[in-house]
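Now for the letters of each chain:
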Amino acid sequence: MSNRQIDNDSTEQANSNKSQDASFDFQALTPDLILDAIESLAVYPETGLLALNSYENRVYQFRCDRGNRYVVKFYRPHRWSEEQIQEEHDYALSLAAEDIPIAVPAIIDGKTLHHYQGYKFTLFPSIGGRAFEVDNLDQLESVGRFIGRIHQYASKQAFQYREPVSSKILGDDALAYLQQSGQVADGISQQFFTVAEQVLDKAKSAMSGHQFPTIRLHGDLHPSNILWTPDGPGFVDLDDARQGPAVQDIWMMLTGDRSQRLLQLDVLLEGYQEFYDFDQGQLALVEPLRALRMLHYNAWLSKRWQDPAFPMNFPWFGDIKYWEQQTLAFKEQLAALDEAPLSLMGY
């Protein structure tokens, strides 16, 4: 395969980009530019570029002429500052220095963050592995052990530039954006915003009523950001690293009904607390954090709608059926916020 060939989906996306407004963030990121950027680091792909499942940034996997597999990540312009990105890189490298299995940026010519034609990009050595199985309790305990190790190290100092887990950023700002976006279907908008405002008020009240120490977090630690390798878990994607309560890196591991989540939590914390103490009072933040994530997710889709990758991959967004489903989901979340928090006492 020629080093100027690219995965078919990537080619279609690039062609679609060309038809968009010239101000679009990824308009100029053509296959040739991607390859030129990589080759500017004296790394020469010998395979095509396989587009990976990333919408916020542009991420591709390839093998170079020396047989090494890499992932190249082009950061969405104007999202994070250079200081915020570099802090993410430094954090990953410091975790790896503690023998924590995490994807780290390659250091080339003394740098991890590179620039080409106005884009910021980074190379990562590729981590192979299969999907992490949340319902595999042995795997879950091992993951808990490594999260505990991450938090033990992360608690030693705070982020200087990364955003915090904040009800303003993830809640107030998200809701305000949705309200002015005009993308919530007219037939359901009043019902949606009524319940969304109620959910946000209740989540903010719960957040303000519980004050816990904050630490450096992965920030988006859902199962898809963990790969299972022959040596155990491998953690990827610190793009949403934030300062916040430890439970933010735990609650997304919990799935199923209440009894299933309690079992998962018990197993996860058994490994976690070998390295770092967990204040179970933080479990009161699980549903408020879920509520903020729901709001932030909808605002994220709305903000990115001019990116051709989003209508292509989320065609249901904006349809009245979608907003009816979201209204129901927010009503269910409103009820969840009234339930007693998860607790392992007497479990």
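Residues numbered from 1 in each chain as written. Predicted model: local features only at pLDDT ≥ 70, side-chain atom pairs only at ≥ 80, totals over all residues. Heavy atoms only, no water.

Peer 1: Which residues make up the sheet that holds strand β9 (residues 232-235), and what values do they have?
Peer 2: Spatial ordering of the open sheet is given by β6-β8-β9, a layout of three strands whose pairing is antiparallel. Bordering the open sheet on either side are β6 (130-131) and β9, each of which pairs with just one other strand. When strand β8 (residues 226-229) meets β9, the two strands line up antiparallel, connected through four bridges. Residue pairing across strands places Trp228 opposite Pro233, the latter belonging to β9. Across the face of the sheet, helix α4 (residues 137-154) comes into contact with β6, β8 and β9 while running at roughly 50° to β9. (Pairing = 2+ DSSP bridges. Helix = DSSP H or I, 4+ residues; strand = E, 2+ residues; numbered from the N terminus. Contact = heavy atoms within 4.5 Å. Axes fitted to C-alpha atoms, helices over the stretch in contact; angles between N-to-C directions.)

Peer 1: Would you mind going over the packing of helix α3 (residues 82-97) against α4 in detail, with residue names and values included?
Peer 2: For the pair α3 and α4, interaxial distance at closest approach is 11 Å and the crossing angle is 115°. Relative to α4, the crossing made by α3 is right-handed. On the side of α3, the interface is formed by Tyr91, Ser94 and Leu95, while α4 contributes Ile150, Tyr153 and Ala154. (Left-handed = near helix turned anticlockwise from the far one by under 90°.)

Peer 1: Got a sec to walk through the packing of aromatic side chains? Specific residues and values, please.
Peer 2: Tallied over the full model, the rule gives 23 aromatic pairs. Ring centres 5.3 Å apart and planes at 85° place the aromatic pair Phe192 and Phe330 in the edge-to-face group. Residue Phe192 is found in helix α6 (residues 189-208), and its partner Phe330 is found in helix α10 (residues 320-338); the two are separated by 138 residues along the sequence. Over the aromatic face of Trp80 sits the side chain of Arg162, whose NZ or CZ is 4.4 Å from the ring centroid. Taking the ring centre of Tyr177 as reference, the NZ or CZ of Lys303 above it sits at 5.4 Å. (Phe/Tyr/Trp six-rings, centres within 6.5 Å; stacked < 30°, edge-to-face > 60°. Lys NZ or Arg CZ within 6 Å of the ring centre and 35° of its normal.)

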